[in-house]
Amino acid sequence: MDKTKRAAIIAGNWKMNKTPSETTALIQEMKPLVAGADCKVVLCVPFVDLDAALKAAEGSNIGIGAENCHFEKSGAFTGEVSAVMLKEMGVEYVIIGHSERRQYFGETDVTVNKRVKAALAEGLKVILCVGETLEQREQGITAELVAMQTKIALLGVSAEDAANVIIAYEPVWAIGTGKTATSDQAEEVCAIIRKVVAEIYSPAVADAMTIQYGGSMNAKNADELLSKVNVDGGLIGGASLKAEDFSIIVKAANK
Ligand code: PEP
């Protein structure tokens, strides 16, 4: 398998952190540090920070994303934001199915699928998160679980649209815990996801798909994780809030 066929993407997930003014300041700090990166650089920020992020990132190599979107275009969904709204703002990426959405906000595989389709229909690039809990890993059902999550999320998504999907393998037990999957664990599950994508579509679609690892990736462990053939980048939470650390991860993906 030729890793160079795929775009490496390092994406930050700021979660519920940073105000609009802090967003501007952090992106201004990051811009010179990540300029000239060989990989794609993306920052996914809270809805209220999107405008500031888009303005701060203008003319740079940083793409901006949201952290979620609703599956309807408009309507009585208090507190939600649609893909149509994001697209009109100039947002390029959206994270769908993050484990915190599944855990705290009742997101299911079925609603993840609806959101994925809605986002793709508007031309957004989707960062689709899948991953097992510690309990599921200990039960030995990681492979089946991520296969099922991937299959349901991509139900009804055409091979053409799948080109705009990035999958982030995020073991729930490694998110925000400081516990990182070993590079072999990350490689094993990313390879399983790629196999599932090949079964759904074709080996060519699977070969071209960017599959990231996420879960306590940081400036120290990024090199090792990103050296794996099936790990095409990272979805970074905590370390994406620090310009220096994030830029070190971006550089690790350039190698
Ligand atoms: C995430 O939020 O997607 C994530 C991977 O967080 P962290 O890097 O903090 O574990």
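Here, the structure is the one placed above.
Keep in mind the model is a prediction, meaning the values are calculated, not measured. (Residues numbered from 1 in each chain as written. Predicted model: local features only at pLDDT ≥ 70, side-chain atom pairs only at ≥ 80, totals over all residues. Heavy atoms only, no water.)

### Examining the overall build of the protein chain
The helix and strand inventory of the protein chain stands at 12 helices and 8 strands. Radius of gyration (C-alpha) of the protein chain: 17 Å, near the 18 Å computed for a compact globule of 255 residues. Along the three orthogonal principal directions, the C-alpha set of the protein chain runs to about 45 × 45 × 35 Å. Within the span of the protein chain, comprising 255 residues, buried residues form 52% of the whole. Intrachain contacts of the protein chain at a sequence separation of at least 6 include 73% that bridge at least 24 residues. Just so you have it, the protein chain exposes about 11100 Å², and 55% of that area is on carbon and sulfur atoms. Taking the average location of the 26 positive side-chain charges in the protein chain and that of its 33 negative ones, the two points are 1 Å from each other. (Helix = DSSP H or I, 4+ residues; strand = E, 2+ residues; numbered from the N terminus. Rg over C-alpha atoms; globule rule 2.2 N^0.38 Å. Buried < 20%, exposed > 50% of the residue type's maximum accessible area, 1.4 Å probe, protein only. Contact = heavy atoms within 4.5 Å. Areas by Shrake-Rupley, 256 points an atom, 1.4 Å probe, with all protein chains shown as cover. Lys, Arg positive; Asp, Glu negative; His and termini not counted. Charge placed at Lys NZ, Arg CZ, Asp CG, Glu CD.)

### Looking at the pattern of salt bridges
Across all of its chains, the model carries 12 salt bridges by this definition. In this structure, Arg-115 and Glu-80 form a salt bridge, with 3.3 Å as the shortest nitrogen-oxygen distance. Of this pair, Arg-115 sits in helix 5 (residues 109-121) while Glu-80 sits in the loop between strand 3 (62-66) and helix 3 (83-89), and the two are 35 residues apart along the sequence. Taking the relative accessible area as the measure of exposure, Arg-115 reaches 8% and is therefore buried. Notably, a salt bridge pairs Arg-102 with Asp-109, separated by 2.6 Å at the nearest N-O pair. Taken together, the salt bridges that share partners define one network made up of Arg-6, Arg-194 and Asp-232. (Salt bridge = Lys/Arg side-chain N within 4 Å of Asp/Glu carboxyl O.)

### Focus: the pairing of strand 2 (residues 40-44)
With 4 of 5 residues buried, strand 2 is to be regarded as a mostly interior element. Looking at chain direction, strand 1 (residues 9-13) and strand 2 are connected through 5 bridges and run parallel. Residue Ile-9 lies in a different strand from strand 2, and its bridge partner there is Lys-40. Since strand 1 and strand 2 lie parallel, the crossover through helix 1 (residues 20-34) that links them has a hand, and here it is right-handed. Pairing of strand 2 with strand 3, which is carried by 4 bridges, proceeds in the parallel orientation. Bridged to Val-41 within strand 3 is Ile-62. Note on the crossover from strand 2 through helix 2 (residues 50-57) to strand 3: the handedness is right-handed. (Pairing = 2+ DSSP bridges. Right-handed = clockwise from strand over helix to strand, strands pointing away.)

### What about helix 1?
With 15 residues, helix 1 should cover 21 Å at 1.5 Å per step; its first-to-last C-alpha distance of 21 Å lies within 8% of that length. One or two steps after helix 1, the chain reaches Gly-36, where phi turns positive at roughly 80°. (Expected span 1.5 Å × (residues − 1).)

### A word on the packing of aromatic side chains
Scanning the model with the defined rule gives 2 aromatic pairs in all. Seen from their ring centres, Tyr-104 and Phe-105 are 6.5 Å apart, and the 85° between their planes marks the pair as edge-to-face. The two residues Tyr-104 and Phe-105 agree in class, both being exposed. One Lys or Arg, Lys-114, reaches over the ring of Phe-71 and ends 4.4 Å from the middle of that ring. Here the basic side chain of Lys-125 rests over the ring of Tyr-93, its NZ or CZ set 5.4 Å away from the ring centre. (Phe/Tyr/Trp six-rings, centres within 6.5 Å; stacked < 30°, edge-to-face > 60°. Lys NZ or Arg CZ within 6 Å of the ring centre and 35° of its normal.)

### Remarks on the site of the ligand
In the neighbourhood of the ligand, 14 residues make up the surrounding shell, with Lys-15, Glu-170, Gly-176, Ser-216 and Gly-237 lying closest. With respect to the ligand, the side chain of His-98 contributes an N or O atom lying 2.9 Å from an oxygen atom. Taking Gly-176, its main chain carries an N or O atom lying 2.6 Å from an oxygen atom of the ligand. Coverage of the ligand by the protein chains reaches 96% of its 290 Å² of free accessible surface. (Near = heavy atom within 4 Å. Polar contact = N/O pair within 3.5 Å; in protein donor to acceptor, adjacent residues only side chain to side chain.)

It is worth stressing that arrangement in space is one thing and function is another; only the former is reported here.
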